[in-house]
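Each chain, letter by letter, is given below.
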Amino acid sequence: EAVRRALLRGEGNFSFAASLCGAAGTHVVATCYESEEEVSGRGRAAESIRRLRERGAEVVFSVDCTKLKDYFLPEKREFDCIYFNFPHCGRKAGVVKNRELLAHFFHSSAEVLTEEGEVHVALCNGQGGTPADQPRREWHNSWQIVAVAAGAGFILSNVHAFKAETIHGYKCTGYRSQDKPFCVEGALNHIFTRSMPLPYFKPMICKIELESQKVSFQVPQVLVDKIDRDFLELNSNHPVRTVKEKLTAELSQAFPLQNIDYCLSLLHQGHLNGVCHSNIFWIILNPEETPSTEEMSNGLANAVLFSHVDFCRDTDKNGWVNVQEGCHISKQYYLRPSLLPYAQAIIQRGAFLPGTLHVLSGPVFRKCLITPYSMPVFHEMLFVCAVNRGTEKSFIQMLVNNIKTSIHSLHQTVSGFKLNINLQEEASFETTELNDFAAFESQLSRIQYFICMEIDASGSCEKGSCVGIIRTAHYELVSSELVVVFASLNLDLLAMLICGIPDWRMLWTSDTRFLRQFPRGKLRLFKSFSLYPPSYVHDVSFWIPDGEQFDEVAFHTIARRVSGEMVVSIQLIDCFQQSETGRKSLCYRLTFQSCDKALSRQEVAEMQL
């Protein structure tokens with residue numbers, strides 16, 4: 001096995017390095033800021049240095065932790081682990097100076113750390129400023145370690161107690177200019193890893209078959225990293241696919257079941273009754289000539305505010321049809337917000353077996369406000385079955401019971417928490433209680449029941465817990481004796497609740513540490529690899545142009561696009577109207593936070609601008 005290279009920074013008496021040096025397969029490079037003469041007279045330092053050298057460790061003196069690469073030859077610059085125990089500027093240095101020290105240290109560490117390496121920083125209780133500190137200091141009075149590390153591209157992946165008493169021979173020293181040791185009671189070891197860089201998404205053209213023609217359209221920028229991820233494909237081990245496959249297998253034991261697996265078009269046309277136009281992703285418009293990146297970016301900024309557009313077509317030299325703005329024709333295309341119209345089309349065509357549970361699944365796209373449970377894209381699983389009139393209620397209860405049993409069995413393999421799944425009638429719900437998934441579904445057509453899921457003992461249906469809906473419809477084309485039952489499930493929400501994934505954005509991460517936790521066909525309790533990510537708050541205010549209706553969904557969509565989904569909350573905090581002119585201004589508070597990447601104060605400031 002390859003030998004791990006460990007770099008120890010800021011050693012006081014080298015007792016920590018000496019204890020680590022005995023570890024098999026580890027080559028220790030121990031350093032300190034002072035000269036050998038200064039250190040040798042401190043306690044048992046000389047003895048520890050002698051032991052280190054006898055065991056083949058390197059000991060380097062007068063090393064500045066902010067310029068680490070300067071002390072090592074290029075071929076010896078890569079370390080698997082860097083330790084810095086109780087860093088401090090010395091004497092009465094305040095929190096700001098110590099933050100600056102840490103910031104320079106993290107930037108310096110990034111230059112000498114392997115891609116999969118770790119940086120361990122031990123701090124006294126309270127200094128870090130994370131919820132792991134007990135008691136926790138106010139943020140402004142802490143070293144803000146997660147925010148400081150984020151500036152160098154690091155995320156906090158683990159934190160645990162620093163147990164000095166378990167480290168053989170270790171004796172903590174104090175500031176380099178004093179003999180008073182640090183208080184290590186309640187101290188914490190913070191383990192940082194490299195983050196994936198913040199993505200930059202170029203404009204993307206999508207080409208598909210539509211009505212026997214090749215059609216190209218520009219993908220909305222908020223969906224560029226989500227449009228073609230194939231979570232539900234056969235070779236996928238994504239938890240969303242695993243939930244879908246296990247549900248299908250369980251339900252096939254109770255019902256004749258048919259997967260409708262032919263390709264459903266991403267684009268839909270026609271009118272959706274009751275659906276607000278601002279909730280729809282109208283397709284991005286392609287000019288006749290190939291646009292520049294700047295032109296496409298400007299087009300995206302403008303297109304976000306469209307609530308309704310008309311389109312015409314033009315065929316390019318390769319036979320692709322460009323869908324364009326400006327011509328008033330009857331056909332209007334948008335990214336599918338639901339699979340319901342496809343199910344209805346199947347019924348209308350008569351390609352439908354009464355008594356059989358037909359299953360459709362795939363991603364759907366909806367513009368929505370930024371809230372914890374609002375997803376601009378998620379995977380819908382739609383069950384459709386025609387039953388005899390008068391038996392629909394008993395069928396619905398049987399279907400829900402089987403769905404509940406399936407989800408319970410999935411959940412029990414993952415977690416010991418109590419799971420409650422309730423079927424609630426529409427009449428028991430207020431519109432304000434609906435999460436975004438259920439609220440949009442209620443626009444499409446009347447819902448009879450909501451399927452709600454809670455992982456606690458209360459059994460209450462909190463906002464965000466609606467994972468499915470059930471509706472019925474009568475189709476004379478099938479048979480006047482038949483009623484069609486539709487049951488729609490949000491697979492993404494189900495996967496989140498079953499696996500304890502706290503943020504929907506994590507489902508779409510490109511960080512391999514997410515999918516590594518889910519071997520093919522298995523569901524497990526998710527363990528976050530980015531703990532206590534820093535959040536940043538900014539305000540923005542603007543005048544509303546006279547006579548215009550402000551589209552809040554469009555504003556939230558702009559925030560999603562500009563920040564790359566880093567805005568987690570938008571709150572209206574002030575509304576002002578000028579008495580003389582009647583002009584109106586709005587002030588919003590935006591909170592920026594990433595769930596999987598290092599997000600620095602500077603990067604957020606640029607997004608805000």
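The rules behind each value
- Residues numbered from 1 in each chain as written.
- Predicted model: local features only at pLDDT ≥ 70, side-chain atom pairs only at ≥ 80, totals over all residues.
- Heavy atoms only, no water.
- UniProt positions renumbered as here; feature names shortened; annotations may be inferred.
- Helix = DSSP H or I, 4+ residues; strand = E, 2+ residues; numbered from the N terminus.
- Contact = heavy atoms within 4.5 Å.
- Areas by Shrake-Rupley, 256 points an atom, 1.4 Å probe, with all protein chains shown as cover.
- Pairing = 2+ DSSP bridges.
- Axes fitted to C-alpha atoms, helices over the stretch in contact; angles between N-to-C directions.
- Buried < 20%, exposed > 50% of the residue type's maximum accessible area, 1.4 Å probe, protein only.
- Right-handed = clockwise from strand over helix to strand, strands pointing away.
- Parallel < 35°, antiparallel > 145°, perpendicular 65-115°, else oblique.
- Nonpolar A, V, L, I, M, F, W, Y, C, P; charged D, E, K, R; others polar.
- Polar contact = N/O pair within 3.5 Å; in protein donor to acceptor, adjacent residues only side chain to side chain.
- Left-handed = near helix turned anticlockwise from the far one by under 90°.
- Expected span 1.5 Å × (residues − 1).
- Phe/Tyr/Trp six-rings, centres within 6.5 Å; stacked < 30°, edge-to-face > 60°.

The protein chain has the name phenylalanine--tRNA ligase in an unreviewed UniProt entry, where Spheniscus mendiculus is given as its organism. Its UniProt record gives the protein chain a comment under Subcellular location (unreviewed entry), which states: "Mitochondrion matrix". On record in UniProt, under Catalytic activity (unreviewed entry), the comment for the protein chain is "tRNA(Phe) + L-phenylalanine + ATP = L-phenylalanyl-tRNA(Phe) + AMP + diphosphate + H(+)".

Asker: Account for the overall build of the protein chain, with residues named and values stated.
Answerer: Scanning the protein chain from N- to C-terminus turns up 14 helices and 23 strands. Long-range contacts, defined here as pairs at least 24 residues apart, represent 72% of the contacts in the protein chain between residues at least 6 apart. Of the roughly 28,500 Å² of accessible surface on the protein chain, 49% is carried by carbon and sulfur atoms.

Asker: Give a detailed account of the sheet that holds strand β19 (residues 466-473), specifying residues and quantitative values.
Answerer: Pairing is mixed in the open sheet, where 7 strands are placed in the order β10-β15-β16-β20-β19-β18-β17. The two strands at the open ends of the sheet, each matched to only one other strand, are β10 (257-259) and β17 (420-425). For this sheet the average axis-to-axis angle between neighbouring strands, irrespective of direction, equals 20 degrees. Sitting on the sheet, helix α6 (residues 239-251) is in contact with β10, β15 (357-365), β16 (377-388) and β20 (482-490), with an inclination near 15 degrees to β16. Docked against the sheet, helix α8 (residues 340-349) engages β15, β16, β19 and β20, running at close to 155 degrees with respect to β20.

Asker: Now, about the side chain of Ser48: what can you tell me, with residues and values included?
Answerer: Note on placement: Ser48 falls in helix α3 (residues 45-54). Not counting the four nearest positions on each side in its chain, Ser48 is found in contact with Asn13, Phe14, Ser15 and Ala18.

Asker: Hey, could you go over the pairing of strand β1 (residues 4-9) for me, with residue numbers and the actual values?
Answerer: Of all 6 residues in β1, 5 are buried, a share of seventy percent or more. Handedness of the crossover is the feature at issue here: the chain leaves β1, passes through helix α1 (residues 15-20), returns alongside strand β2 (residues 26-31), and the resulting connection is right-handed. As paired elements, β1 and strand β4 (residues 79-85) share 4 bridges and run parallel to each other. The residue of β4 that forms the bridge with Ala6 is Cys81.

Asker: Any chance you could break down the packing of α6 against helix α11 (residues 491-499) for me, citing the residues and the numbers?
Answerer: Two elements in contact, α6 and α11, have axes separated by 9 Å at closest approach and are oriented at 100 degrees. In terms of orientation, α6 lies roughly perpendicular with respect to α11. Residues Pro239, Val240, Val243, Lys244 and Leu247 of α6 pack against Leu491, Asp492, Leu494, Ala495 and Ile498 of α11. Class assignment of the residues belonging to the contact of α6 with α11 gives a composition of 8 nonpolar, no polar and 2 charged.

Asker: Before we move on, could you go through the environment of Arg9 and cite the residues and values that matter?
Answerer: Note that Arg9 resides in strand β1. Between the alpha carbons of Arg9 and Phe84 there is a distance of 4.9 Å; along the sequence they are 75 residues apart. In this structure Arg9 touches Thr31, Cys32, Tyr33, Val63, Cys65, Leu68, Tyr83, Phe84, Asn85 and Phe105, once residues within four positions along its chain are discounted. Looking at Arg9, its side chain comes within polar contact range of the main-chain oxygen of Val63, at 3.4 Å.

Asker: Tell me about the packing of helix α9 (residues 392-412) against α11, residues and numbers included.
Answerer: Contact pair α9 / α11: the axes reach a minimum separation of 9 Å and the direction vectors enclose 45 degrees. If you check the angle between α9 and α11, you find them oblique. In this structure, α9 crosses over α11, and the sense of that crossing is right-handed. Mapping the contact onto sequence places Ile407, Leu410 and His411 in α9 and Leu494, Leu497 and Ile498 in α11. A class-by-class count of the residues in the contact of α9 with α11 yields 5 nonpolar, 1 polar and no charged.

Asker: Provide a residue-level description of the sheet that holds β2, including the pertinent values.
Answerer: One open sheet holds the 7 strands; their spatial order is β3-β2-β1-β4-β5-β7-β6, and the pairing between them is mixed. Each edge of the open sheet is held by one strand with a lone partner, namely β3 (58-60) and β6 (154-161). Averaged over all pairs of adjacent strands, the angle between their axes in this sheet comes to 20 degrees, without regard to strand direction. Bridge analysis of β2 against β3 gives 3 bridges, and the strand direction is parallel. Pairing of Ala30 across the sheet is with Val59, part of β3. Strand contacts of helix α4 (residues 95-110): β1, β4, β5 (113-123), β6 and β7 (188-194), with the helix running at about 155 degrees to β5, the strand carrying the most contacts.

Asker: Give a detailed account of the pairing of β20, specifying residues and quantitative values.
Answerer: Buried residues dominate β20, accounting for 9 of its 9 residues. Alignment of β16 against β20, held across 9 bridges, turns out to be antiparallel. By the bridge assignment, Ala386 is partnered in β20 with Val484. Bridge count between β19 and β20: 6 bridges; the pairing is antiparallel. In the strand pairing of β20, Ala473 is matched with Val484.

Asker: Describe α6, naming the residues involved and giving the relevant values.
Answerer: The periodicity of an α-helix, 3.6 residues per turn, causes residues three or four positions apart to be oriented the same way. Its 13 residues give α6 an end-to-end C-alpha distance of 18 Å, which sits within 8% of 18 Å, the value for a rise of 1.5 Å per residue. Taken as a whole, α6 has its buried residues at Pro239, Val240, Arg241, Thr242, Val243, Lys244, Leu247, Thr248 and Leu251.

Asker: Tell me about the packing of aromatic side chains, and name the residues and values.
Answerer: The full count for this structure, using the stated rule, is 22 aromatic pairs. Summarising the aromatic geometry, the rings of Phe72 and Phe79 are spaced 5.2 Å apart at their centres and angled 70 degrees between planes, so their arrangement reads as edge-to-face. Look at Phe72 and you get buried, because its relative accessible area is 9%. Each member of the aromatic cluster is reached from another via a ring pair, and the members are Phe84, Phe105, Phe106, Phe154 and Phe192.

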